[in-house]
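# Structure at a glance
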Amino acid sequence: MSLLKQWRDMAYDESANKGDLQRMWADYFEKEKNIYKELLQNPDDVVTGTVKGLAEKYGIDLMTMVGFLDGINDSLKTPNPIEEMDEDTEVSLDFDKESLFKNMVAAGAEWLYGLEEWEPIFDEETRKRLYQEQKMSGTVKKGRKIYPNDPCPCGSGKKYKKCHGKNGANRYEA
Ligand SMILES: [Zn+2]
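Reference entry: report on the structure contained in this document. (Residues numbered from 1 in each chain as written. Predicted model: local features only at pLDDT ≥ 70, side-chain atom pairs only at ≥ 80, totals over all residues. Heavy atoms only, no water.)

## Describing the overall build of the chain
What counts, and what does not: Only DSSP runs of H or I with at least four residues qualify as helices, and only runs of E with at least two residues qualify as strands; both kinds are numbered from the N terminus onward. With C-alpha atoms as the basis for the radius of gyration, the globule rule is written as 2.2 Å multiplied by the number of residues raised to the power 0.38. Categorising residues by exposure relies on relative accessible area from a 1.4 Å probe, with only protein chains included: less than 20% of the type maximum marks a residue as buried, more than 50% marks it as exposed, and the intermediate range marks it as partly exposed. In what follows, a contact means two residues having at least one pair of non-hydrogen atoms within 4.5 Å. Computed by Shrake-Rupley with a 1.4 Å probe, the accessible areas treat only the displayed protein chains as cover when residues are assessed. All tallies of charge rest on Lys and Arg as positive and Asp and Glu as negative; His and the ends of each chain are not included. Think of each charge as sitting on NZ of Lys, CZ of Arg, CG of Asp or CD of Glu.
Along the chain, the regular secondary structure elements total seven helices and two strands. Along the chain, helices and strands appear, N-terminal first, in the series α-α-β-α-α-β-α-α-α. Here the C-alpha radius of gyration of the chain, 16 Å, is about what a compact globule of 174 residues would show, namely 16 Å. The C-alpha extent of the chain, read off along each of the three principal axes, is 45 × 40 × 25 Å. Within the span of the chain, comprising 174 residues, buried residues form 43% of the whole. Of all intrachain contacts in the chain linking residues separated by at least 6 positions in sequence, the fraction that spans at least 24 positions is 63%. Element-wise, carbon and sulfur atoms account for 46% of the exposed surface of the chain, whose accessible area totals about 9,300 Å². Within the chain, the 33 negative side-chain charges are centred at a point lying 9 Å from the centre of the 26 positive side-chain charges.

Structure (structure tokens):
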């Protein structure tokens, strides 16, 4: 079975124990946010390596790295062969900045497109414009469904409904 299929079978298995799945995703979101923070601090450095090598670099397990590669793939200048990759496949995290920002908006992930690491990359005006362009396009990026009582993906420790799920992700609206 491919790594991607293993990850998706595990991460999107709605028949799994709800608590286990919730913990897995809380842990995933925290690691994902930390990798994005690191990438955005040096947005012009192209990070490459094997799937296993990048997991080691970021101090995460292989499956979390596979999930990350699944999530970032649409934002890359050249997509990785995520369907068929194994742990020794060379991959790149050479992301397109606008596309990454917009995909974070499309996923409703304010805890990612709102990261302060974006500020030196795009000024506020640009972030607002990209946000609006994305919203106007009507594209929604499907990811993990977050339930109101799940821990908020931002890592605040609050329930989603009390944190970023409160009024939806609306940082650049109104
Ligand atoms: Zn939050």
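## Here's the deal with the side chain of Glu-32
How we decide: Within this document, salt bridges are pairs made up of a side-chain nitrogen of Lys or Arg and a carboxyl oxygen of Asp or Glu, the two lying within 4 Å of each other.
Here Glu-32 lies in helix H2 (residues 18-41). Salt bridges are absent for the buried Glu-32, whose nearest opposite-charge side chain, Lys-141, sits at 8.8 Å. If we ignore the near neighbours within four places in the chain, the residues touching Glu-32 are Phe-68 and Leu-112.

## Focus on the nonpolar core
Formally: The term nonpolar core refers to a set of buried residues drawn from Ala, Val, Leu, Ile, Met, Phe, Trp, Tyr and Cys, joined through side-chain atoms within 4.5 Å.
Counting residues in each nonpolar core, the largest one holds 50 residues, and the members touching the most others are Tyr-36, Leu-39, Met-65, Phe-68, Ile-72 and Leu-93. Of all the secondary structure elements, the ones that give two or more residues to this core are helix H1 (3-11), H2, helix H3 (51-57), helix H4 (62-72), helix H5 (97-106), helix H6 (110-113) and helix H7 (124-137). A total of nine residues in this core trace back to one element, the largest contributor, which is H2. Setting aside anything within four residues of it in sequence, one finds Met-65 in contact with Val-51, Leu-54, Ala-55, Tyr-58 and Ile-60.

## Side note on the pattern of salt bridges
Opposite charge on two side chains makes pairing possible when the charged atoms of those side chains draw close. The tally for this structure, following the rule as stated, stands at 15 salt bridges. The partner of Lys-37 in a salt bridge is Glu-117, and the shortest N-O contact between them spans 3.5 Å. Residue Lys-37 is located in helix H2, and its partner Glu-117 is located in the loop between H6 and H7; the two are separated by 80 residues in the primary sequence. A salt bridge links Asp-150 to Arg-144; the shortest N-O distance between them is 3.2 Å. Here Arg-144 falls in the buried class, since its relative accessible area comes to 14%. What you see here is one network of salt bridges that share partners, running through Glu-98, Lys-102, Arg-129 and Glu-133.

## Thoughts on the coordination of the zinc ion
This is how it is decided: Water is not part of the atom set, so a site may look incomplete; the donors themselves are N, O and S atoms within 2.8 Å of the metal, or 3.2 Å for Na, K and Ca. Every angle between 85 and 135 degrees makes a four-donor site tetrahedral, while opposite donors more than 155 degrees apart, with all other angles between 65 and 115, make a four-donor site square planar and a six-donor site octahedral; other sites are irregular.
At this site the zinc ion is bound by Cys-152 (SG), Cys-154 (SG), Cys-163 (SG) and His-164 (ND1), with donor distances of 2.0 to 2.3 Å. If you look at the zinc ion, its four donor atoms make angles of 105 to 114 degrees with each other, and the shape they trace is tetrahedral. In the primary sequence, the donor residues of the zinc ion line up as C-x1-C-x8-C-H. Here His-164 lies in the segment after H7 and Cys-154 lies in the segment after H7, a separation of 10 residues in the sequence. Each of the two residues, Cys-154 as well as His-164, counts as buried.

## Brief notes about the packing of H1 against H2
Filter applied, for reference: With axes taken as lines fitted to C-alpha atoms, and helix axes fitted only over the stretch in contact, angles between N-to-C directions fall between 0 and 180 degrees. Every angle not falling under 35 degrees, over 145, or within 65 to 115 is termed oblique; those three ranges are roughly parallel, roughly antiparallel and roughly perpendicular. Residue type decides the class: Asp, Glu, Lys and Arg count as charged, Ala, Val, Leu, Ile, Met, Phe, Trp, Tyr, Cys and Pro as nonpolar, and the leftover types, Gly among them, as polar.
In contact at an axis separation of 10 Å, H1 and H2 are set at 125 degrees when each is read in the N-to-C sense. The orientation of H1 with respect to H2, classified from their angle, is oblique. Here Trp-7, Met-10 and Ala-11 of H1 lie close against H2, whose contacting residues are Leu-21, Met-24, Trp-25 and Tyr-28. Looking at the contact of H1 with H2 residue by residue, the classes come out as seven nonpolar, no polar and no charged.

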